[in-house]
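# Overview (structure and organization)
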Amino acid sequence: VLDNQKRVTGLENSTSSTSTFKVAHPDGSVHTYSPGILVTDDLIPMNWMLVNIKDNMGNEIQFRYNESKNITGVLGENEFILTSVLYSDNTIGFKYSTSRLNQLSGFLSGEAISFTSKLDSVEVSNQNKVLRTYYVTYKPEVDSVFNFVADIKMCAGTSSTCYEKTSFDWNRAS
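Residues numbered from 1 in each chain as written. Predicted model: local features only at pLDDT ≥ 70, side-chain atom pairs only at ≥ 80, totals over all residues. Heavy atoms only, no water.

## Let's talk about the nonpolar core
This is how the line gets drawn: To define a nonpolar core, start from buried Ala, Val, Leu, Ile, Met, Phe, Trp, Tyr and Cys residues and group those joined through side-chain atoms within 4.5 Å. The rule is simple: take the accessible area with a 1.4 Å probe, protein chains only, and divide by the maximum for that residue type; under 20% is buried, over 50% is exposed, in between is partly exposed. What makes two residues a contact is simply this: any of their non-hydrogen atoms within 4.5 Å.
Ranked by size, the top nonpolar core spans six residues in total: L50, I53, F63, V85, F94 and V122. F63 has contacts with L50, V51, N52, I53, L82, S84 and V85, leaving out every residue within four places of it along the chain.

## Some thoughts on the pattern of salt bridges
Keep this limit in mind: Here, a salt bridge means any Lys or Arg side-chain nitrogen found within 4 Å of an Asp or Glu carboxyl oxygen. Per the convention used, a helix needs a DSSP run of H or I reaching at least four residues, while a strand needs a run of E reaching at least two, with both numbered from the N terminus.
Within this structure, the stated rule accounts for two salt bridges. With a closest N to O distance of 3.1 Å, K118 and D120 form a salt bridge. The exposure class assigned to D120 is partly exposed, which follows from its relative accessible area of 22%. Notably, a salt bridge pairs K165 with D151, separated by 3.6 Å at the nearest N-O pair. With K165 in the loop between β14 (149-156) and β15 (166-167) and D151 in strand β14, this residue pair connects regions lying 14 residues apart in the sequence. A relative accessible area of 10% means that D151 is categorised as buried.

## Looking at the side chain of S84
As for its position among the elements, S84 is in strand β8 (residues 80-87). Residues within four places of S84 in sequence aside, it is in contact with Q62, F63, R64, T91, I92, G93 and F94.

## Examining the state of the cysteines
We count it as follows: For the purposes of this analysis, a disulfide is any pair of cysteine sulfur atoms at a distance within 2.5 Å.
All told, the structure shown has one disulfide when counted by the stated rule. Covalently, C155 is tied to C162 through a disulfide, its sulfur atoms 1.9 Å apart. In this structure, the disulfide formed by C155 and C162 twists by about 95° around the S-S bond and is classed as right-handed. Taking the relative accessible area as the measure of exposure, C155 reaches 1% and is therefore buried.

Below is the structure:
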């Protein structure tokens with residue numbers, strides 16, 4: 001029991017590479033998590049990704065990820081990115097590129113990790129028809145570990161009929 005209101009149930013051994021657990025919330029919803037980054041020697045999960053939310057009426061939201069394990073040019077090493085969210089007949093798709101200016105790398109429990117992806121666009125679809133596409137542009141920040149969003153432009157479907165972009169201004173602390 002977590003904080004006297006949430007119940008955590010492990011579906012397998014927590015040190016297994018296929019370990020999954022569920023968190024039951026007071027509102028009746030259940031969140032399911034599956035392993036993310038695995039330590040290669042023992043295949044022990046280092047993190048868990050939210051893969052499913054089911055409410056008390058049985059409505060479901062699914063979260064899908066793409067993971068890179070030593071695949072050059074696709075994603076960073078051991079990098080996980082959210083690729084889609086599915087609910088009812090709706091899909092929110094996330095499109096990335098590996099053109100991140102300030103790529104990060106390091107180690108987690110002896111495993112190399114790197115972050116090379118940046119979000120380029122988000123597509124909102126219903127029954128496989130794209131309703132809206134949001135395009136993200138970033139400020140060129142080479143001296144920061146963050147990618148600052150410059151603007152977001154929303155377009156109808158995949159067409160060039162777009163609203164005026166929404167711009168962001170950042171006040172960076174020194």
